[in-house]
Amino acid sequence: MTINVFGSKLNDEPDEVFHAGGMSVRDWLSEQVDNFSDMDVHPISVSLNGAIVEPSEWALTVFSERDTLDIVIEPKGTELFFGALILIGLVVASSMTPKIPKVNSSSSTSGEGINEASVKGNKIKVNSLIREIAGKYKVYPDYLIPPRRYFAGPREQRVEMLLCIGVGYHDVPTNKILIGDTPVVSLGSDVTYKVYGPGEDLSADNAHMWWNDVTEVGSSSNGSAGLELTTAVAITPGYTATSQQFNGYMVTIPSGAGNFPADWTSGLIVQIIVPYQYEFIDGGIDRDIIRGDSLNMLNPEVGDSIQIFGANAGNYIVHSFTPTDGASPAEMTLSFENGNPVTALSLGAIATTIGPKGLRYRITAANTSQITVDRLTSSGSTDADFPGFDFLETALSSIILDQSSLVGGFRGPFAMCPDGEKTTSIEWDIFYPSGLIGLGAKDGYRYAITSNTFLEWRDMDIAGAWTVVSKTFSAASLDAVGVTYRIDLPYPMRAEVRVRRGPNPSTEWNDACVWYGARSLLQGPTSYADVTVISINARGGDRLSAQSESMVSVEATRKLPLLVNGAWTAPQATRDIAPFVAYVSKSLGYTDADLDLNELARLDAIWKSRQDYYDQATNSNGTAKAIINDALACGFAELTIDNGLLRPARDEPRTVFESMYSPQAMTSNLERDFTAIRPDDYDGVDVEYTDGVSWQVETVQCRLPGDLGMRAMKIKADGCTNRTKAWRIGMRQRRALKYRRWDYSWSTELAALNSRYLSYVQVSDDVPGYAQSAIMISYEDGIVESSEAFDWSDSGPHYLYIRRADGSSSGPYIATRVDDFHLRISGLDFIPDTNLDIEPPHLLFGIGYKVLITSISPSGLDSARVEAVAYNDQVYVNDNDQAPT
């Protein structure tokens, strides 16, 4: 069963999870909490399968493997504050945290503990997203299957594991595969490993085997390295009770009516005789009829083998069954095992026991007043259709042990694999924490001794006789030693096993042993499509301390196709931004036809020349757009959609205007808003990034002259692993805060749709003293006729910009005055159309306001609203500088 411990009612997930069964709530709490005592009010609440269990019922409430027990720590008021602190300290911080086994602490004679194989992979939640790596990043590969720890020799423990590095292909340098901080190449033969690409065959690598650990076996909360083994003992076969109460899955002996044997534990098989009232009816020449609502408790199917105990005793086959439908009781007819119809039964209302053949049940929890049980089918498997006993209190019932359960002293039995799974091989570990040696009582002579242990297994779906496997192990060592055994089963089964030890013939023998581990081999994959995996086999030893950090880590570089001359290459190791942006886009179903490849290629060349990289690893459920923008941000860009294409837009220094917007193109006046410097403005930027050498989160300060950093903006440079690159990002942000203080907005008809996000354009208004605008009336031989007279009072030079028919900007051209409405230019790069069939060219005399468009919002069918921010070269001043030390 599962025991969930919540530190608060506000917690969605438990802080601790335990597995136990076959005991009362009070017994379990007593084992876990030092000095546990009964009290009227406890600072915890307990619920079993969702139902609150009051403290007065804790000693009587026994939970089984199928139950879920939730324990919630609850403050009960200031008068219990001290008690609550004690409970939290004991239960959460101490008792409910498995203790590290001190494998040799109980030995009275000096000897060395074994060097455990403590290498670990990263454990993640089931159904978590698989990690995606961009560029180069240090990651802790995740378990694909449970790790297998075993004894390769008496003093040598090894662990083998199969770990997932991430989606796709990766380059993993040997010197960047670490255990803790130690490269595996430094560990020699202590560690073997191999990296497999997506879909590669792993069948020849033992690490691909899926070994399911039996969680009930192993180190315990009392500090033991395993379950202490004892010798065989006889179990009490039965008992006497003057009354027993059956209800659901529970059997209770009322107070004063007797007791269950104290040595009855979970896992034992019993035969239960409990008579319910049935009516046996003459069926004439056809089969006799058994009628009664308690048949619903039997819940049989046609063809089931059943047994009747008492009147009409015998083994039968169900011929028909009709459950209760509200108008008549349930009915059943039978056949003999040879197929003949069952007639001539003793008739009338008779109290009779009817159940699956054998009338066998498995105890799932037990104390001296209550047991809970699962019913077994005639074949011995757990009967999932058993609804529990109808309520009945009777003195006519009896419960006795099955023949297979008469011998005790075992640890277990435990299921070797989860429900619904089957195994073909099992392994188990026996550990001698104080060594295995004979010590002469008088002279201290040391000699080799032999330890006998016995494992018994059987198919849980049959629950028949146990198969005994006897093992012997000899040593003459004061040091801790261990051994791993393995057997193959005759066919796939859900096996259950139990283990005991042989007798100790001499007081001179130092042979205390524990059941250290158990696992079963399940069917697992032999390849993993779409991911890179690494297998590790590591030996415990003095090169790797069990107390040190021993997580496996790798520095992996993602392999992706590169864009070369307009085409994609085969996957190559790359940290570049553009390949990852394309990869994420295509993972959503986009194709090259949906990407602005020309712009992506242009920016790819810039980013490569600047060594702008995107190094990141993520398994979060963020949006693809957010991930793409994180990558583009490392190159000062953002994702936009332009004319139906995914297009990266980079904020970068500009020299050529893409378009111009003058009052002649506007349907509303140009609005200019200035944000003045305020006392509470940011006076610095602090950038948090992951350093690509230490792989620790670092912070770099970004300051302009005069900045005190008292109100620094905090930003994260996700994917940036270089201090200077992070500093450049921060300085770009800091300069934007200082030098982008003018905002612009205006409306046009459809002319704004000629621009895009971050287009570099000029805008103008009709305010005297600034750039002037007009309509071109005519053009001939370099002479431009304007609809407006321009002001030539400035000393010059005088510049003229002309808007082409497609909205783009042509110019600047040096202009000379002819008269008030005519001017001369040279080198015009297009032929103006002034016949008024289309919108004539617009003129901008002088330089307008330089802006970057930040928003274009269409309104209706023929208008758009445009917003922009002032362009200032000062924003980009530090783009190529090195970060100060």
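The coordinates are above.
Residues numbered from 1 in each chain as written. Predicted model: local features only at pLDDT ≥ 70, side-chain atom pairs only at ≥ 80, totals over all residues. Heavy atoms only, no water.

## As for empty space enclosed by the protein
No. 1: For the structure on display, the rule yields four cavities of 30 Å³ or more.
No. 2: In this structure, the largest cavity is lined by 15 residues; those nearest its centre are Met297, Ile354, Gly355, Tyr361 and Phe389.
No. 3: Those elements that provide at least two residues to the lining of the largest cavity are strand S23 (276-281), helix H3 (295-298) and strand S28 (348-356).
No. 4: Broken down by element, the lining of the largest cavity gets its largest block of residues, four residues, from S28.
No. 5: Tallied by class, residues from the lining of the largest cavity come to twelve nonpolar, two polar and one charged. (1 Å grid on protein atoms, 1.4 Å probe; cavity = no way out; pocket = protein on both sides within 12 Å on 5 of 7 lines; lining within 4 Å. Points joined across faces, edges and corners; volume = space filled by probe spheres on them. Helix = DSSP H or I, 4+ residues; strand = E, 2+ residues; numbered from the N terminus. Nonpolar A, V, L, I, M, F, W, Y, C, P; charged D, E, K, R; others polar.)

## Focus: the nonpolar core
No. 1: One finds Trp264, Ile272, Ile290, Met332, Leu334 and Phe389 to be the most contacted residues of the largest nonpolar core, which totals 40 residues.
No. 2: Apart from the residues lying within four places of it in its own chain, the contact partners of Ile290 are Tyr278, Glu279, Phe280, Leu295, Ile308, Ala330, Glu331, Met332, Leu334 and Ile354. (Core = buried A, V, L, I, M, F, W, Y, C linked by side-chain atoms within 4.5 Å. Buried < 20%, exposed > 50% of the residue type's maximum accessible area, 1.4 Å probe, protein only. Contact = heavy atoms within 4.5 Å.)

## A short note on the layout of surface pockets
No. 1: Estimates place the volume of the second largest pocket at around 560 Å³.
No. 2: Broken down by secondary-structure element, the contributors of at least two residues to the lining of the second largest pocket are helix H6 (624-633), strand S50 (637-642), strand S56 (713-716), helix H7 (723-739), strand S65 (849-859) and strand S66 (863-870).
No. 3: Top contributing element to the lining of the second largest pocket by residue count: H7, with five residues.
No. 4: Of the residues assigned to the lining of the second largest pocket, the class counts are 14 nonpolar, two polar and eight charged.

## Quick word on unusual backbone geometry
No. 1: The omega torsion across Gly796 and Pro797 is 5°, close enough to zero to call that bond cis.
No. 2: Inspection of the secondary structure assignment puts Pro797 in the loop between strand S60 (783-786) and strand S61 (798-803).
No. 3: Residues Gly811 and Pro812 are joined by a peptide bond in cis, for which omega reads 10°.
No. 4: Take Pro812: it is sitting in strand S62 (residues 809-819).
No. 5: Backbone geometry at Asp781 places phi at a positive 50°, although glycine is not the residue there.
No. 6: Looking at the secondary structure, you find Asp781 in the loop between strand S59 (772-780) and S60.

## Quick look at the pairing of strand S11 (residues 148-153)
No. 1: Summarising the sheet, S11 and strand S12 (residues 156-167) pair through five bridges and their orientation is antiparallel. Residue Gly153 lies in a different strand from S12, and its bridge partner there is Glu156.
No. 2: Hairpin geometry of S11 and S12 is characterised by an intervening segment of two residues between the two adjacent antiparallel strands. (Pairing = 2+ DSSP bridges.)

## Thoughts on the sheet that holds S61
No. 1: Read around the closed barrel, the six strands follow the order S59-S60-S63-S62-S61-S64; overall the barrel is antiparallel. Taken pair by pair, the neighbouring strands of this sheet meet at an average axis angle of 45°, ignoring direction.
No. 2: Both S61 and S62 contribute to a ladder of five bridges, which runs antiparallel. The residue of S62 that forms the bridge with Tyr799 is Ile814. (Axes fitted to C-alpha atoms, helices over the stretch in contact; angles between N-to-C directions.)

## Focus on the sheet that holds S65
The strands that make up a sheet pair up through hydrogen bonds in the backbone, lying either parallel or antiparallel.
No. 1: Strand order in this open sheet of six strands is S52-S58-S65-S66-S57-S53, and the pairing throughout is mixed. Edge strands, defined here as strands with exactly one partner in the open sheet, are strand S52 (659-661) and strand S53 (671-674). Within the sheet, the average angular offset between the axes of one strand and its neighbour, ignoring direction, is 35°.
No. 2: As defined by bridge partners, S52 adjoins strand S58 (residues 760-763) across three bridges and the pair is classed as parallel. Of the residues in S58, the one forming a bridge with Ser659 is Val761.

## A few points about the packing of aromatic side chains
No. 1: Per the stated rule, a full pass over the model turns up 31 aromatic pairs.
No. 2: Ring geometry for Phe580 versus Tyr614: centroids 5.6 Å apart, planes at 45°, classification tilted. Of this pair, Phe580 sits in helix H4 (residues 577-587) while Tyr614 sits in the loop between helix H5 (597-610) and strand S49 (616-618); the two residues are 34 residues apart in sequence, bridging distant segments of the chain.
No. 3: Judged by its relative accessible area of 5%, Phe580 falls in the buried class.
No. 4: On the accessibility criterion, Tyr614 (3% relative accessible area) is buried.
No. 5: Aromatic side chains Tyr661 and Trp746 sit 5.4 Å apart centroid to centroid with 45° between the ring planes, which places their arrangement in the tilted category. Taken together, the residues Tyr661 in strand S52 and Trp746 in strand S57 (residues 742-748) connect sequence positions 85 residues apart.
No. 6: By relative accessible area, which is 0% here, Trp746 ends up buried.
No. 7: Note that Arg500 overlies the ring of Phe454, its terminal NZ or CZ placed 4.5 Å from the centroid.
No. 8: If you follow Arg558 out to its NZ or CZ, it ends over the ring of Tyr583, 4.5 Å from the centre. (Phe/Tyr/Trp six-rings, centres within 6.5 Å; stacked < 30°, edge-to-face > 60°. Lys NZ or Arg CZ within 6 Å of the ring centre and 35° of its normal.)

## Here's the deal with H5
No. 1: In this model H5 runs 20 Å from its N-terminal to its C-terminal C-alpha over 14 residues, within 8% of the 20 Å that 1.5 Å per residue would give.
No. 2: Among the residues making up H5, those that are buried are Leu597, Glu599, Leu600, Leu603, Asp604, Trp607 and Arg610. The buried residues of H5 occupy an angular sector of 150° when the element is viewed end-on, so they sit on one face. The outward face of H5, more than 90 degrees from its buried face, is lined by the exposed residues Asn598 and Ser609.
No. 3: Following H5 by one or two positions, Gln611 adopts a phi angle in the positive range, close to 55°. (Expected span 1.5 Å × (residues − 1). Arc of directions from axis to C-beta.)

## Some points on the side chain of Thr484
No. 1: In this structure, Thr484 sits in strand S40 (residues 481-493).
No. 2: Within polar-contact distance, the side chain of Thr484 engages the backbone nitrogen of Phe151 at 2.7 Å.
No. 3: A polar contact is formed between the side chain of Thr484 and the side chain of Asp429, at a distance of 2.6 Å.
No. 4: The contacts of Thr484, once residues within four sequence positions are left out, are Tyr150, Phe151, Glu427, Trp428, Asp429 and Arg519. (Polar contact = N/O pair within 3.5 Å; in protein donor to acceptor, adjacent residues only side chain to side chain.)

## A look at the pattern of salt bridges
No. 1: All told, the structure shown has 45 salt bridges when counted by the stated rule.
No. 2: When the shortest N-O distance is used, the salt bridge between Arg362 and Glu496 registers 2.9 Å. With Arg362 in strand S29 (residues 360-366) and Glu496 in strand S41 (residues 495-501), this pair connects stretches of sequence that are 134 residues apart. The exposure classification of Arg362 matches that of Glu496, with both residues buried.
No. 3: Close ionic contact of Arg519 with Glu427 constitutes a salt bridge, the shortest N to O distance being 2.8 Å. Pair noted here: Arg519 is in strand S43 (residues 514-522) and Glu427 is in strand S35 (residues 423-432), with a separation of 92 residues, a long-range link. For the pair shown, Arg519 and Glu427 are each scored as buried.
No. 4: Through salt bridges with shared partners, a single ionic network connects Asp596, Glu599, Arg602, Arg647, Arg650 and Glu652. (Salt bridge = Lys/Arg side-chain N within 4 Å of Asp/Glu carboxyl O.)

## Structural notes on the packing of H4 against H5
No. 1: Taken N-terminus to C-terminus, the directions of H4 and H5 make an angle of 145°; their axes are 8 Å apart at the nearest point. Contacts between H4 and H5 involve Ile577, Ala578, Pro579 and Ala582 from the first element and Leu600, Asp604 and Trp607 from the second.
No. 2: The residue makeup of the contact of H4 with H5, split by class, is six nonpolar, no polar and one charged.

## Some points on the environment of Lys123
No. 1: Along the chain, the position of Lys123 falls in the loop between helix H2 (81-95) and strand S8 (132-134).
No. 2: Owing to a relative accessible area of 71%, Lys123 belongs among the exposed residues under this scheme.

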